[in-house]
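For reference, the chains in residue letters:
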Amino acid sequence: MAGKNSGDNRTRTSVSIFIVAGLCCFFYLLGAWQRSGFGKGDSIALAVTKTADENCDILPNLNFETRHAGEAGGTDESEEAEELKPCDPQYTDYTPCQDQKRAMTFPRENMNYRERHCPPQEEKLHCLIPAPKGYVTPFPWPKSRDYVPYANAPYKSLTVEKAIQNWVQYEGNVFRFPGGGTQFPQGADKYIDQLASVVPIENGTVRTALDTGCGVASWGAYLWKRNVIAMSFAPRDSHEAQVQFALERGVPAVIGVLGTIKMPYPSKAFDMAHCSRCLIPWGAADGILMMEVDRVLRPGGYWVLSGPPINWKTNYKAWQRPKEELEEEQRKIEEAAKLLCWEKISEKGETAIWQKRKDSDSCRSAQESSAAKVCKSSDSDSVWYNKMETCITPNNGNGEDESLKPFPERLYAVPPRIANGKVSGVSVEEYQEDNKKWKKHVSAYKKINKFLDTGRYRNIMDMNAGLGGFAAALHSPKFWVMNVMPTIAEKNTLGVIYERGLIGIYHDWCEAFSTYPRTYDLIHANGLFSLYKNKCEFEDILLEMDRILRPEGAVILRDNVDVLIKVRKIIGGMRWNLKLMDHEDGPLVPEKILVAVKQYWTLGDTNSTSSQ
């Protein structure tokens, strides 16, 4: 009997190795084709990775055909999946919750019409968003910072409207980004050098930054080499494709606006906030927009305002605005900054820098006749679709920010919110165990997909980020991770993610994400479909993933087997190649891994779907 079991085990092991080797070859050949740039109708596609090692490391306990397939109760494997058709060509750059036609039906006051307005369920598209003809794999970083293929975002209006400001230039079949901006025509590098003479950008104290009204995000692009990661945002407005250009360049960005709704970020998240001629009326409505920046700015953090009305006495003629209007605008900003207990530490040329005091609560209480109204809400991180308030978010001076480590030590140090017991149900020990678990998971991912750590994937998303363990374990200068905190998650840990020196955003996956199509190279989701079970349709979530994933982008899903089998059935009707495999600890673990690659196809392609 023992001999028979031993023989069976050897047979299963041989089959496992054969399947693993086959999948490794699949990814290798796919990557080689991705690197070639051929077959896409555009010769400008460059190599995206170095030549991968042809030998694939084998995990002997990792089977690619799960043994739990029979546990899917009620799923008929023999039933063919419904084939999802391509959408109409007009939807190539569709942004469902920032659709321009729908936006124009909302009030224009306070930028309400530029905020999120998602279609109701009956108006959602149930089709695959096509890539434009000629679409190619973006250039690898850092070349992508300076060059974007024209076919990927074929809009030239910015090259005309911002021609003298050195934003972007059209050269043949590529756009070139010289690194300029309205307030830094000599380049973002020199501008950042000027800021660095005042703000501690180089020593890891400033790690996370917020760029409001970012344009094409050149400020964030050039901060990257200084180990600072910026969350950039701009509205989808008359300047076509600002955020799309930013993401094509490989820079973190989302479609967004400072209007009437709170920003989708936790309180005390950013080390620095920035506005370079972003045209935001900071002094209006009793400084409510500055109060919102104050909410997300960490005590001791910096606010940079470059452009009008700073130094208005010298520039009012060039700006073609009445000096009385500019003077009043600056007066309101200075008053709001005083109320917030921000101290102006520099004003040079058209750039002013304020620092938020670490003891701002006691500072305000010491102000004579202070008009400061403190927010009453006990949860300053409750922001999803919540209206901004004309009140100041208290710091609750508990020493959290004094204990924050410089980056990169911050990445694995115990975050202050956890050390101080501010995250219910997460102890220091649980945080450390979570880090160990994700290092193990990411190690397995790298053996499954050899291109994970090569630079092939630049823009990465974690759809259910938890404590940020996936992004921390994957951390590299070659890429960045958008950590998404579902609004229905049991624990709100996005503040912890920022304390680690990572970036992220709140989002409800029953709605579309605030980005353009084809803006992420790799999407990871842990337990997401279990979380949204009976909350909204799996098909809607998968179609949104397809919308934001680049052709030939990869997906890694980790979830319970019964959920993933239902997901796999839907994917069978999409243009994805997939494999369902066992947990790295073996077939007896009910949690499984689904790995998929989106096929390359563009407008007018008729190739059939494939699910295996």
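Preceding block: the structure.
Let us look at the structure shown here.

Rules used in this analysis
- Residues numbered from 1 in each chain as written.
- Predicted model: local features only at pLDDT ≥ 70, side-chain atom pairs only at ≥ 80, totals over all residues.
- Heavy atoms only, no water.
- Helix = DSSP H or I, 4+ residues; strand = E, 2+ residues; numbered from the N terminus.
- Buried < 20%, exposed > 50% of the residue type's maximum accessible area, 1.4 Å probe, protein only.
- Contact = heavy atoms within 4.5 Å.
- Areas by Shrake-Rupley, 256 points an atom, 1.4 Å probe, with all protein chains shown as cover.
- Arc of directions from axis to C-beta.
- Disulfide = S-S within 2.5 Å.
- Pairing = 2+ DSSP bridges.
- Axes fitted to C-alpha atoms, helices over the stretch in contact; angles between N-to-C directions.
- Core = buried A, V, L, I, M, F, W, Y, C linked by side-chain atoms within 4.5 Å.
- Domains from an automatic or database assignment.
- Salt bridge = Lys/Arg side-chain N within 4 Å of Asp/Glu carboxyl O.

**Some thoughts on the overall build of the chain**
In terms of regular secondary structure, the chain is built from 18 helices and 17 strands. Here the chain holds 612 residues, and 58% of them are scored as buried. Long-range contacts, defined here as pairs at least 24 residues apart, represent 71% of the contacts in the chain between residues at least 6 apart. Within the structure as shown, the chain displays about 24900 Å² of accessible surface, and the carbon and sulfur contribution to it stands at 50%.

**Comments concerning helix α9 (residues 312-319)**
Of all the positions in α9, only Trp312, Asn315 and Trp319 are classed as buried. The buried residues of α9 occupy one face: seen down the axis, they fall within an arc of 85°. Summarising the geometry of α9, the exposed residues directed more than 90 degrees from the buried face are Lys313, Thr314 and Lys317. Buried residues belonging to α9 abut α10 (323-339).

**A look at the state of the cysteines**
The term disulfide refers to a covalent linkage connecting the sulfur atoms of a pair of cysteines. Per the stated rule, a full pass over the model turns up 6 disulfides. Here Cys87 pairs with Cys127 through a disulfide, and the sulfurs are 2.0 Å apart. Disulfide Cys87-Cys127: the torsion about the S-S bond is 100°, which places it as right-handed. You can see Cys87 sitting in the loop between α1 (2-36) and α2 (100-103) and its partner Cys127 sitting in the loop between α2 and α3 (143-146), a full 40 residues away along the chain. When sorted by exposure, Cys87 lands in the same class as Cys127, which is buried. For Cys341, the disulfide goes to Cys363, at an S-S distance of 2.0 Å. In this structure, the disulfide formed by Cys341 and Cys363 twists by about -90° around the S-S bond and is classed as left-handed. Here Cys363 lies in helix α11 (residues 360-366) and Cys341 lies in the loop between α10 and β9 (342-348), a separation of 22 residues in the sequence. The residues Cys341 and Cys363 share a single accessibility class, namely buried.

**A few points about the sheet that holds strand β3 (residues 174-176)**
Reading across from one edge, β1-β3-β2 is the order of the 3 strands in this open sheet, with antiparallel pairing throughout. The open sheet is flanked by β1 (147-149) and β2 (169-171), the only strands paired with a single partner. Within the sheet, the average angular offset between the axes of one strand and its neighbour, ignoring direction, is 30°.

**Looking at the nonpolar core**
Ranked by internal contacts, the top residues of the largest apolar core, which has 137 residues, are Trp219, Tyr265, Trp282, Trp303, Phe529 and Met545. Domain assignment of the residues forming this core places at least three in each of domain 1 (188-370) and domain 2 (409-598). If we skip the residues at most four places from it in the chain, Met545 touches Met463, Ile523, Phe529, Val555, Leu557 and Trp576. The next biggest cluster of nonpolar side chains, apart from the first, holds 10 residues, and it includes Leu158, Val216, Ala241 and Phe245.

**Observations concerning the environment of Val442**
Of note, Val442 is situated in helix α13 (residues 428-448). If we ignore the near neighbours within four places in the chain, the residues touching Val442 are Phe470, Ala473 and Leu474.

**Looking at the pattern of salt bridges**
With the rule as written, the count across this model stands at 35 salt bridges. Put simply, Arg321 and Glu329 hold a salt bridge, and the shortest N to O gap is 2.6 Å. The class of Arg321 is partly exposed, set by a relative accessible area of 24%. Among the charged side chains, a network of salt bridges with common partners joins Asp189, Asp193, Glu202, Lys225 and Arg226.

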